[in-house]
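Letter by letter, the chains look like this.
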Amino acid sequence: MDPKPATYPTPPLIEPGHTFGSITDKISAVVLSGRQPISWFVVLSIGLMLVGMLGMAITWLLIKGTGIWGINIPIGWGFAIVNFVWWIGIGHAGTLISAILLLLKQGWRTSINRFAEAMTIFAVMCAGLFPLIHTGRPWLAAYWLFPYPNSMSIWPQFRSPLIWDVFAVSTYFTVSLLFWYVGLIPDLATLRDKAKHRGLKVAYGMLSLGWRGSARHWQRYEHIYLLLAGLSTPLVLSVHTVVSFDFAIGIVPGWHATIFPPYFVAGAIYAGFAMVLTLAIPLRRIYGLEDFITMRHLENMAKVTLLTGLIVAYGYISEAFFGWYSANKYEGFMILNRMTGPYWPYYWTLVFCNIITPQWLWIKRVRTSPLGLFMVAMVVNVGMWLERFVIVITSLHRDFLPSSWGMYYPTMWDWMTFVGTLGLFITLFFLFIRALPMISIFEMRTMAPEARMPGGEGH
Amino acid sequence: MSVTTSPVYGLLAEFDTPAALVAAARRTHAEGYRKLDTFSPFPIEEAWEAIGHHDRRMSFIVLMGGIIGGLGGYGLEYWVHAMAYPINVAGKPLNSWPQFIPVTFEMTILIAALSAVIGMIVLNGLPMPYHPVFNVPRFEHASRDKFFLLVESTDPKFDRQRTLEFLKRLDASEVNEVEP
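Residues numbered from 1 in each chain as written. Chains lettered and ligands numbered in written order. Predicted model: local features only at pLDDT ≥ 70, side-chain atom pairs only at ≥ 80, totals over all residues.

1. Let's talk about the overall build of chain B
Operational definition: The secondary structure listing takes helices from DSSP runs of H or I that are at least 4 residues long and strands from runs of E that are at least 2 residues long, numbered from the N terminus. Here the radius of gyration uses the C-alpha set of atoms, whereas the globule reference equals 2.2 Å times the residue count to the power 0.38.
If you tally the helices and strands in chain B, you get 5 helices and 4 strands. Taken from N to C terminus, the helices and strands of chain B fall in the order β-α-β-α-α-α-β-α-β. For chain B, the C-alpha radius of gyration of 25 Å lies well beyond 16 Å, the compact-globule estimate for 180 residues.

2. What to know about the overall build of chain A
Counted only if it meets this: Field definition: a residue is buried when 20 or more other C-beta atoms are found within 10 Å of its C-beta, exposed when 12 or fewer are, and partly exposed for counts in between, with C-beta atoms placed from the backbone. The contact rule is simple: place each C-beta atom from the backbone, and if two of them lie within 7 Å, those residues are in contact.
Of the regular secondary structure elements, chain A holds 16 helices and 0 strands. The C-alpha radius of gyration of chain A comes to 23 Å, within 12% of the 23 Å expected for a compact globule of 459 residues. Oriented by its inertia axes, the alpha-carbon framework of chain A measures out at about 75 × 55 × 40 Å. The burial tally for chain A puts 48% of its 459 residues in the buried class. When contacts within chain A are restricted to residue pairs at least 6 apart in sequence, those whose partners lie at least 24 apart make up 81%.

3. Focus: the interface of chain B and chain A
With 56 residues of chain B at the interface, the matching set in chain A holds 51 residues. Elements that contribute at least two residues to the side of chain B that touches chain A include exactly helix 1 (18-30), strand 2 (36-39), helix 2 (45-50), helix 3 (57-84) and helix 4 (101-123) of chain B. Among the elements that line the side of chain B that touches chain A, the one with the most residues is helix 4 of chain B, at 13 residues.

4. Things to note about the nonpolar core
Looking at soluble globular proteins, one finds that nonpolar side chains tend to be buried together. Selection criterion: By our criterion, buried Ala, Val, Leu, Ile, Met, Phe, Trp, Tyr and Cys residues that link up through C-beta atoms within 7 Å make up a nonpolar core. Boundary definitions for the domains trace back to an automatic or database domain assignment.
Of all hydrophobic cores here, the largest spans 184 residues; its most connected members are A:Ile88, A:Met119, A:Ala123, A:Val276, A:Leu277, B:Ala113 and B:Ala116. Considering each element in turn, this core owes the most residues, 17 residues, to helix 9 (residues 260-286) of chain A. Shared between two domains, this core holds at least three residues of each, these being domain 1 (10-55 + 130-178) and domain 2 (57-123) of chain B. Not counting residues within four places of it along the chain, the set of residues in contact with A:Met119 comprises A:Gly94, A:Met275, A:Val276, A:Leu279 and A:Phe429.

5. Observations regarding the domain arrangement of chain B
The domains assigned to chain B are domain 1 (10-55 + 130-178) and domain 2 (57-123). Spacing between the C-alpha centres of domain 1 of chain B and domain 2 of chain B amounts to 44 Å.

6. Examining the pairing of strand 3 (residues 147-152) of chain B
Residues and elements named next belong to chain B. What counts, and what does not: Two strands form a pair only when DSSP identifies at least two bridges running between them.
Strand 3 sits mainly inside the fold: 5 of its 6 residues count as buried. Relative to strand 3, strand 1 (residues 10-15) runs antiparallel, the two being bridged by 6 bridges. Residue pairing in the sheet places Leu12 in a bridge with Leu150 of strand 3. Examined bridge by bridge, strand 2 and strand 3 share 4 bridges and lie antiparallel to one another. Paired with Phe39 across the bridge in strand 3 is Phe148.

7. Some words on the environment of A:Lys196
Residues and elements named next belong to chain A. Inspection of the secondary structure puts Lys196 in the loop between helix 6 (161-194) and helix 7 (198-207). Assessed through the 8 C-beta atoms surrounding it within 10 Å, Lys196 is described here as exposed. In sequence terms Lys196 and Ser33 are 163 residues apart; their C-alpha atoms lie 9.9 Å from each other.

8. Some points on helix 2 (residues 38-64) of chain A
Because each turn of an α-helix spans 3.6 residues, side chains separated by three or four positions in sequence point in the same direction. All names here are of chain A. Our working definition: Expected helix span is taken as 1.5 Å per residue step, with the number of steps being one fewer than the number of residues.
For helix 2, spanning 27 residues, the distance from its first C-alpha to its last is 40 Å, which sits close to the expected 39 Å at 1.5 Å a residue. When helix 2 is considered as a whole, its buried residues turn out to be Gly47, Leu50, Leu54, Ala57 and Leu61. Phi for Gly65, located one or two positions after helix 2, is positive at around 100°.

9. Describing the confidence of the model for chain B
To be explicit about the condition: The quantity known as pLDDT measures the predictor's confidence residue by residue, on a range of 0 to 100.
When pLDDT is averaged along chain B, the result is 88, and 97% of the positions lie at 70 or above. Two summary scores accompany this predicted model of the complex, namely pTM at 0.91 and ipTM at 0.91.

10. With respect to unusual backbone geometry
Between A:Ile73 and A:Pro74 the backbone carries a cis peptide bond, its omega angle lying at 20°. Turning to its location among the elements, A:Pro74 is positioned in the loop between helix 2 and helix 3 (79-103). Each neighbour pair has its own omega, and for B:Leu126 with B:Pro127 the value is -5°, a cis peptide bond. By the element assignment, B:Pro127 lies in the loop between helix 4 and strand 3. In this structure, A:Lys105 is a non-glycine residue whose phi angle is positive, near 55°.

11. Regarding the environment of A:Pro282
Relative to the elements of secondary structure, A:Pro282 occurs in helix 9. Linking A:Pro282 and A:Leu371, residues 89 residues apart in sequence, is a C-alpha distance of 9.5 Å.

So this is what it looks like as structure tokens:
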């Protein structure tokens, strides 16, 4: 084989000195050693307490109805839709990492795809909760949302973006779950073979479907893994496009904009990468996984965050531009009201969080400093939540007729539900870390130097 | 290892590196053995090429799933809005196809993805909690750091003694008989 001349030095994706065995042991030990760091218990306890609060908020909601929230007419979409869009956007980074970066042959996705996919699934669960409870009577939502032959012979309205949303989100959840599970099968077999306890062996053995690493199986596996990536790529782009249709199909000033689909998709990836960084930086530290989630991974994620942040900034600028250029007095008033109306602090905080803060990422020192990155990511998380707040609330609260203007103030129950879903997310994520390998073991093995085939470029 | 007279499922040779496994699989295939399989802790494209396996059926299954999902999604919308429950909105056509595209698209992806995963599991014969190779104690390394080549006893060229000697000459670190 001809050794290819190195054009520029690339830092390794995995620290030197690792073998198939050491990779396997290190990642599976988090699950199988039975010991968890104290911070795991602390965070899980906080998560569980917040889940309790979520349960309380939902119970009271079901007893009293959505009147306990701050929503009113004209602001019929309050926190529930803000949080729905925020959560579902966070999920998008997981699919981007697992599917799009796979198709683009980005080797660095390997050590972060597993927990990013888990993040997607849990974020979509939190997202899905909001529209469901926003219906007020979720037990009736079945015939409002899904086409099934019910005793009243009525059917959902397929021309409505809200029904598109149901199909987009439920497909997204199902496909993300399938993708995640397929990726887990070989690792579940590893856990089955490494587990000492008989019950664990049986449990992981069942979940792994009896996977034995046969070449015939791997061939079909690799084939469909690629196909799933190919299917997930347009899917993830469609999901936030459809979410943006919930707004853009309406005629409300500030919503009725053709920029919405690309701007929402970029915002979703932006928010999602910020969340992946928020999770990855503490995790690699707590579990000592700096060998696998290297500085290069963090830096690459920072670059994606910066890029999508710039697209989002372009979205804000074009919104303002169209408010003026359209010469439509309602659009013009909407953008002016956003910047100077009663919700102005939200708008300018959002500009600070989403446009100004990520500019730090131009500096390599910041991109390669876990603490700096973590701080930028946290600010972006807040900023993207504010963005959804501004889009939903400021567009609705003052639209066409000044006589039907209003104000929106979230209540205690709104906050309890929102913070409760944060707890649900944390709880699910920390249980996942405890029960399943948070880094794909079999894909990491392919990154080991021993995996390189003579005459090939490795695998 | 001991050679007994009880029937065997096959012979399992163990290798330390993927390159050794692929070289051995190629030699074994060239020797005329066809009932071959390799086991590795990660996918090795060269390994399935070496044993002459390439199953292209998955593409077809996923394509069919996608077509069925897409037609099914559009068909459902058409049936609901043009036949079962027609609602005239502002005189617009009942078959308002542009508005039916998002659900058609999502259903295409959903059924294609489901058929990909179910198809892979079914064609691979999973779930299969028991398989004779699991009887070899060393086999637990197949999900960790070792590479295995299996020659099944149903292969016409299989001869317990000769195949064993052949495999031993292939740089195998160990060769084991697999109980059925």
